[in-house]
Amino acid sequence: RRCSKCKQAWYCSENCQRSDWKNGHKKKCKKYTEKIEKKAKKIIEKGIKYIEKSIDFAEGEDNKEALRAGLKALEKLKHEDAGTKDDRKFNVANATFRVGNLYFKLGKYNLALKNQQDGLKALIKIHGEESIDISEKYRLIAATYRCMEQYDKALEYASICLNIRRNELGDD
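Residues numbered from 1 in each chain as written. Predicted model: local features only at pLDDT ≥ 70, side-chain atom pairs only at ≥ 80, totals over all residues. Heavy atoms only, no water.

**What to know about the packing of helix α5 (residues 132–147) against helix α6 (residues 151–169)**
Keep this limit in mind: Angular values range over 0 to 180 degrees, each being the angle between N-to-C directions of two axes fitted as lines to C-alpha atoms, with helices fitted over their stretch in contact. We count a stretch as a helix when DSSP gives it H or I for four or more residues in a row; a strand needs E for two or more, and each element gets its number in order from the N terminus. Note on angle classes: values under 35 degrees are labelled roughly parallel, values over 145 roughly antiparallel, values of 65 to 115 roughly perpendicular, and the remainder oblique. The handedness criterion is simple: a crossing whose near helix is rotated anticlockwise from the far helix by less than a right angle is left-handed, and one whose near helix is rotated clockwise is right-handed. Here, two residues are considered to be in contact whenever any of their heavy atoms come within 4.5 Å of each other. For this classification, the nonpolar set comprises Ala, Val, Leu, Ile, Met, Phe, Trp, Tyr, Cys and Pro, the charged set comprises Asp, Glu, Lys and Arg, and every other residue, Gly included, is treated as polar.
Here α5 crosses α6 at 165°, and the two axes come no closer than 8 Å. Taken together, the axes of α5 and α6 are roughly antiparallel relative to one another. Seen from above, α5 lies across α6 with left-handed handedness. Contact with α5, carried on its side by I132, I134, S135, E136, Y138, R139, I141, A142, Y145 and R146, involves Y151, K153, A154, Y157, A158, I160, C161, I164, R165, E168 and L169 of α6 and no other residues of that element. Class assignment for the residues of the contact of α5 with α6 results in 14 nonpolar, one polar and six charged.

**Some remarks on the side chain of H25**
Counting through the fold element by element, H25 comes out in helix α1 (residues 14–58). Every residue in contact with H25, bar those within four places of it in the chain, is listed here: C3, C6, A9, Y11 and D20.

**Notes on the environment of D87**
Applied cut-off: Each residue gets one of three labels from its accessible area relative to the maximum for its type: buried under 20%, exposed over 50%, partly exposed in between, using a 1.4 Å probe on protein chains only.
With respect to the helices and strands, the residue D87 is situated in helix α3 (residues 85–105). Judged by relative accessible area, which is 41%, D87 ranks as partly exposed. As for D87 and I126, which are separated by 39 residues in sequence, their C-alpha atoms are 9.7 Å apart.

**What about the pattern of salt bridges?**
Our working definition: Salt bridge, as applied in this entry: a Lys or Arg side-chain nitrogen positioned within 4 Å of an Asp or Glu carboxyl oxygen.
Enumeration over the complete set of coordinates arrives at six salt bridges. Among the ionic pairs, D118 bridges to K114, the shortest N-O distance being 2.7 Å. You can see D118 and its partner K114 sitting in helix α4 (residues 109–127), four residues apart, about one turn around the helix. Of the residues examined, D118 reaches a relative accessible area of 35% and is grouped as partly exposed. The closest approach of N and O atoms between E136 and R165, which form a salt bridge, is 2.8 Å.

**Digging into the packing of α4 against α5**
Between α4 and α5, the least distance of the axes is 10 Å, while the angle of their chain directions is 160°. In terms of orientation, α4 lies roughly antiparallel with respect to α5. Of the two possible hands of crossing, α4 and α5 adopt the one that is left-handed. Contacts from Y109, A112, L113, Q116, Q117, L120, L123 and I124 in α4 reach I134, K137, Y138, L140, I141, T144, Y145 and C147 in α5. Here the residues of the contact of α4 with α5 sort into 12 nonpolar, three polar and one charged.

Written as structure tokens, this is what we have:
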């Protein structure tokens, strides 16, 4: 049996675990997890900055290099075993969507759409659908469909974007 919080202590039974918790593991566990979460936050922030730099770089001439950098950062985030589970899920979802945007800039619309939709789906699971940030994701997917000349789907996603913005901003 392993401590579910810090994953550092092992126990032969539930009673042994309870005894150790009362005899000091509680404090050690808290201190350790705070240290790990702080380290994880730095790692995740670094990964997000790396992806953002690759997206900024994509504005220049070498979009393929930017995509490689973005995919590398996304893989790091996916396999990072630190931070809270929700933070990791959010960062991976957001990074997945951003990689979709890089594919869009390369004109690889099918790959763009897949990553954008995967990222959007995960973000909705985490935060729900009613936010300006989510509406922006719908707008970008609509643009991808438009470039693919799938105008019905583009209209569907643009309408969802507009409805979310109306609900959030109270616009008519």
